[in-house]
Amino acid sequence: MQNIFKSTYRNFIRKPATNLINLGGLAVSLALVIILSVYSYSELTTDNFHKNGDRVYIYSDLHNEFKRLNIPAVLKDQIDLNIPEVESAVRVAGTWEEPVYQVDDHDPITSDIITADPEFFRLFTYEAAEGNLEMALNDPMTIVLAEPLAKKLFGNEQALGKTLKLNNKHTLTVSAVVKMPEANSSLSFSSIASNATRKIIFANGGEFTEWGYWNFNLFVLLKEGANSNETATKMAALYPKDMLENQRVKDYKLNHFQDLYFSNFTVSRGDYLHGGDKRKVMILLMVAALVLIIALVNFINISSSQWLEKIKQTGVLKVVGADKTSILKSVLSEAFILFLMSLFLAILLVQLSFPFVSSYTGIHFNPFLLFTPSFLIVSIAGIFLLSLMFSIIPAMRISSSKAVDNLKKTIHSGSSNSVSRGILVTAQFAIAIVLIAFTVLVQKQVDFGSNNFRFDKENIVAIKLTPQLTERQQVLKKIIQDHPNAGKISFTQFFPGKLNEHWTSNQKINGENIQLDFDTFNGDASLCSMLGLQLVQGRLFSEDLVTDSHKMIVNETFVRAHKMENPIGAKFVMGFGENVPLSEIIGVVKDFHYKPVTAPIGSLIIQNGPQTSYCLVSINTSDFKSLDHFIREIKTETNKLSPSFPVEISFLDQAVENLYQSEIQFRRTFSLFAGCAIVICCLGILAMSLFACQRRIKEIGIRKVNGARTSEVITMLNRDFVRWVAIAFVIATPVAWYIMSKWLESYAYKTNLSWWIFALAGLLALGIALLTVSWQSWKAATRNPVEALRNE
Amino acid sequence: MIHLNNIDKYYDSKFQRTFVLKAVNLEIKDGEFVSIMGPSGSGKSTLLNIIGLLDTPSAGEYSLYDKSVLDLKEKAKVDYHRNFMGFIFQAYHLIEEMTVYENIETPLIYKGVKSKDRQAMVADLLDRFNMVAKKDLFPQQLSGGQQQLVGIARAIIGKPKLLLADEPTGNLQSVQGEMIMETLKALNDEGMTIIQVTHNEKFAGYGKRIIRLEDGIVRKDVKNV
């Protein structure tokens, strides 16, 4: 055993360059594989930690294209009364605006909240840090805090039983503190209040009593053995008669809660639900596999070049009396030691690079996972298998070669060997080209998206209206107006990425029954001109006309979707209840992206209503200093106006960019890993060129003596590699084209696949290859031929 | 043709200077056939390499046709290799991946000779050395003597004025060695200047002039009639 370590060490020291390349390449690729597989594992096992998870359903139409999740709250009361198979039904909802928490006189903190029925913790398995979760939501005016928020509000003190102020108005008692799970979850919240509490503090019209308010998500725990389809049919029958024909009512089914995360659902109303993208996980897993392949190819190439020497060495060993198995063992264990070393290096690399990688790419997982026994066992076993798979054939060849042959040195590196190596290197380059092309495409799509919002977003500041600012809206307006740098001012509910109300209603328009389905937000006269929305028909809101209060502007999609020939002047009721006046469409504007760009543009109505949540201000300077000055002054002023609620000020273009966060992070992840793949590729060809030059030293010498110039020798040495890249390019282009067009399919608005993406990828690969190889070729070509030709 | 004046070649190690060649003066005229002899390590090969511009002396002057060739740029050196001199080695140094034909053709490719002319020139030489039948074989498939013939063919295909041979018969049996020496002699008779390094007294005798080196110093320089 000790012998094996000694000989491994000596072999390593003898050829440090190639062995380091081998080790480094393997370590980097294993580090990527570790990061990506742990990340994918945590994504793919999202929501698996709930004990009753297999019996928890969400009432929705996830199974078809709309993927809506909302239901009216009244439904639950009916379910409780009429459907015995349902063990418990829990309504969960977020809030329009994040509330402000305050403990005593400490600084107020803005954070999200959800409200739920008391059985919430029966469906979802959470651990309590303080208090008893089962009882925690029973009483009104109590609140369950998630541990991070509890820490922020109460520090390290106990929070249980203490009180806090919500929105500077309501006093709530902390009834429990809940630990956040380490596993990935599609539910995220900073606190939970009961729906009884919601009735008191977020009273929102008749949301608990009327069928028209679809504000909640409904999670259902079925009794064991209950049939989800039958139950869903029963649930649909509970709606009042006039709603039974509603498409949405008919479409809803009970979908497994664990399918929610990857279902691409439409989030609405508070974003406590998070979705993942299975395709991205799969693509990243594929990248991990490709990187591993590249590193393994390096391993094969490098070690196969070393076989020759090893064969000579074993010849001597055999003469001295070594048998077949002992040689087999020593070759195999040498490979295993190399793999094992690279595994430990990889774990170290992951540890060191994780903070950076995680902040750069947004990939999160618990790094302690790396030291759990199951991870170590799995990875060491995996490493063992890999090393065995990739060294058993050379080991057999070496151990079964005849001693006499070995000593006679009659074994030549045949041309078949170099052909197979050529194929492997070609495969590596093909992978590298696909990865480069894909990286370029993702970047192009991100650029395309953020430059095609179809509204002006530069130099606009958004001030989020707190309750206190809303009350003093006119004062705020006056203050901003007086500032020399302020341009237009608009009060609106529009903000990129904020989801808007989605309404469906049956209306009689011009004597025709139409089912309307649309998004809506409030805007005022200056909004359209500030965003540069283009008018197609009719007119925009006017500041001077008081009569504009029940007028509406719609977008082109709205007109198209509802097949309206004469949209201008169409009147219908907006809202619920009696005595609501008719609203009238006065204008049609061109489509623009008011939603995240992955989603298609929907039907939109801009109302001229009084409720607003943002104050948008266009600034007439792009000078950084005066901009900064402006923001600071507005901040001081608004803080004065809104002392108990912190005011958020942001830039509109930044908000738009945030919509692309996941794409940008994906691009970063992808380019980081593709970059590593390319580096490993380079290491591989570096080793290859090292061998090629060594093998051809004599030939180079002969050629030089016969009149070859340095440049000609370099050309000769590089020619092989260029040929491999060319073949790789031919193979990679269609593959990359196919993958890329598949990937683009998921975007409603997508950039096109230009030819230059492929050309760029090919040229980059060629450039990288030439740079790497030429370094060695140059060294070999400028060497004095006398050294190579000295008589043996 | 060749003029060596006070050529030194030495290596400096920590405390002492080891001379490989010391104060070598040599004048070689067009059409000479010179054999350089001496025991191992006497500096024969180094001298040949210096003459062949493969190595540079540590001190002294070296001129070809009264033109100093000591500080030549790489490009000029390559031009000498292409047009002025040819090399033969003890281990033949043929390119194993190439056929006989391709091996002989290589220098012409570097010289930029057109494909058609190359064909004619290689065919002539193959004919002259009676190797037409072997032109598609690889070096391993030939006997040592035949391999060395290919080596000579490759060395002279560019019609050099000077042929440098480093123990051309060292790896050969005596019959084959003699054949090689006869070939060299014939080339010399046609006017080619030849310098050979050899251990073998008999083969040295083919030269018209014999130079004996010992410890890097020219001990003897005699005409051989």
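Residues numbered from 1 in each chain as written. Chains lettered and ligands numbered in written order. Predicted model: local features only at pLDDT ≥ 70, side-chain atom pairs only at ≥ 80, totals over all residues. Heavy atoms only, no water.

1. A look at the overall build of chain A
Heads up, the rule is: Per the convention used, a helix needs a DSSP run of H or I reaching at least four residues, while a strand needs a run of E reaching at least two, with both numbered from the N terminus. Note on exposure labels: buried denotes an accessible area under 20% of the residue type's maximum, exposed denotes more than 50%, and partly exposed covers the range between, all computed with a 1.4 Å probe on protein chains only. Residue contacts are defined here by distance: any two heavy atoms, one from each residue, within 4.5 Å place the two residues in contact. Per-residue and other accessible areas were derived by the Shrake-Rupley procedure at a 1.4 Å probe size, with only the shown protein chains allowed to occlude residues.
A count of helices and strands for chain A gives 25 helices and 24 strands. Taken along its principal axes, the extent of the C-alpha atoms in chain A is 110 × 55 × 55 Å. Looking at chain A residue by residue over its 792 residues, the buried ones come to 52%. Across chain A, the fraction of contacts at a sequence separation of at least 24, relative to all contacts at a separation of at least 6, is 80%. Of the roughly 36400 Å² of accessible surface on chain A, 57% is carried by carbon and sulfur atoms.

2. Side note on the interface of chain A and chain B
Short version of the rule: Simply put, the buried area is the total loss of 1.4 Å probe accessible area from both parts when two parts are fitted together. For this document, the term salt bridge refers to a Lys or Arg side-chain nitrogen within 4 Å of an Asp or Glu carboxyl oxygen. We define a polar contact as two N or O atoms separated by no more than 3.5 Å, with the added condition that, inside protein, one atom must be a possible hydrogen donor and the other a possible acceptor, whereas residues neighbouring each other in sequence contribute only through side-chain atom pairs. Residues are grouped as follows: Ala, Val, Leu, Ile, Met, Phe, Trp, Tyr, Cys and Pro are nonpolar; Asp, Glu, Lys and Arg are charged; all remaining types, including Gly, are polar.
Tallying the contact residues gives 18 residues for chain A and 24 residues for chain B. Counting each side, the surface lost to burial between chain A and chain B is near 2000 Å², with a carbon and sulfur contribution of 51%. Here chain A is connected to chain B by two salt bridges. The salt bridge partner of Arg 82 of chain B is Glu 712 of chain A, with a shortest N-O separation of 2.8 Å. On the surface where chain A and chain B come into contact, there are five residue pairs in polar contact (both at pLDDT 80 or more). The greatest single-element share of the side of chain A that touches chain B, amounting to six residues, is contributed by helix H22 (residues 697-705) of chain A. Residue composition of the side of chain A that touches chain B, grouped by class: six nonpolar, six polar and six charged.

3. What about the sheet that holds strand S23 (residues 614-619) of chain A?
Residue and element names in this part refer to chain A. This is how the line gets drawn: If DSSP finds at least two bridges between two strands, the strands pair. To get an axis, fit a line to the C-alpha atoms, keeping to the stretch in contact for a helix; angles then go from 0 to 180 degrees between the N-to-C directions.
Judged by pairing direction, the sheet is antiparallel, and its four strands sit side by side in the order S15-S23-S14-S24 without closing on themselves. Only two strands of the sheet have a single partner each, and these edge strands are strand S15 (486-492) and strand S24 (649-651). Pairwise comparison of adjacent strand axes, ignoring direction, gives a mean angle of 25° for this sheet. Alignment of strand S14 (residues 460-464) against S24, held across three bridges, turns out to be antiparallel. Across the sheet, Ile 463 pairs through a bridge with Ile 649, a residue of S24.

4. Looking at the confidence of the model for chain A
Low-pLDDT stretches of the model should not have their predicted coordinates read in fine detail. Residue and element names in this part refer to chain A. Short version of the rule: pLDDT gives the predictor's per-residue confidence on a scale running from 0 to 100.
Of the residues in chain A, 93% reach a pLDDT of 70 or more, and the chain-wide mean stands at 84. Looking over chain A, one finds the lowest element-wise mean pLDDT in helix H13 (residues 403-408), namely 55, and the highest in strand S8 (residues 142-146), namely 95. Note that pLDDT drops below 50 for residues 409-415; the model gives that stretch eight contacts with residues more than four away or on any other chain.

5. Some thoughts on the sheet that holds strand S6 (residues 85-89) of chain B
Residues and elements named next belong to chain B. The mixed open sheet is built from six strands, whose spatial order is S6-S7-S8-S3-S9-S10. Among the strands making up the open sheet, the edge pair consists of S6 and strand S10 (217-223). Going from strand to strand, the sheet's axes swing by 15° on average, the running direction of each strand aside. As paired strands, S6 and strand S7 (residues 162-166) are joined by five bridges and run parallel to one another. Opposite Phe 87, over in S7, you have Leu 164 as the bridge partner. The sheet strands contacting helix H5 (residues 144-156) are S6 and S7, and the helix crosses S6 at an angle near 165°.

6. Describing the state of the cysteines
All names here are of chain A. Selection rule: When the sulfur atoms of two cysteines come within 2.5 Å, that pair is taken as a disulfide.
A full pass over the atoms with the stated rule returns zero disulfides over all chains. Here Cys 676 stays unpaired: no disulfide links it, and the sulfur of Cys 682, its closest cysteine neighbor, is 12 Å away. Here Cys 682 is not cross-linked by a disulfide; its sulfur's nearest cysteine counterpart is in Cys 681, at 6.7 Å.

7. Focus on the side chain of Arg 118 of chain B
Residues and elements named next belong to chain B. In this fold, Arg 118 is placed in helix H4 (residues 115-128). Arg 118 gets classed as buried once you look at its relative accessible area, which sits at 15%. Ignoring sequence-local partners within four residues, the contact set of Arg 118 consists of Glu 105, Leu 108, Ile 109 and Val 113.

8. Examining a nonpolar patch on the surface
Residues and elements named next belong to chain A. Put simply, the rule is: Patch membership requires more than 30% relative accessible area and the absence of a salt bridge. Residues of like charge join within 9 Å; the nonpolar side chains Val, Leu, Ile, Met, Phe, Trp and Tyr join within 5 Å.
On the surface, Trp 755, Trp 756, Leu 760 and Leu 764 cluster together to form a nonpolar patch covering roughly 450 Å² of accessible area. Here Trp 756 is to be found in helix H24 (residues 755-781). You can call Trp 756 partly exposed: its relative accessible area is 37%.

9. A short note on the pairing of S10 of chain B
Residue and element names in this part refer to chain B. Bridge analysis of strand S9 (residues 209-214) against S10 gives six bridges, and the strand direction is antiparallel. Its bridge partner being in S10, Arg 209 is matched across the sheet by Lys 223. Adjacent in sequence and paired antiparallel, S9 and S10 are bridged by two residues, among which Asp 215 carries a positive phi angle near 50°.

10. Here's the deal with H22 of chain A
Residues and elements named next belong to chain A. Judged by how many residues are buried, H22 sits mostly within the fold: seven of nine residues are covered. Considered for burial, the residues of H22 that qualify are Glu 699, Ile 700, Gly 701, Ile 702, Arg 703, Lys 704 and Val 705. One or two steps after H22, the chain reaches Gly 707, where phi turns positive at roughly 100°.

11. As for the pairing of S9 of chain B
Pairing geometry for strand S3 (residues 33-37) of chain B and S9 of chain B, over four bridges, is parallel. Across the sheet, residue Val 34 of chain B finds its bridge partner in S9 of chain B, namely Arg 209 of chain B.

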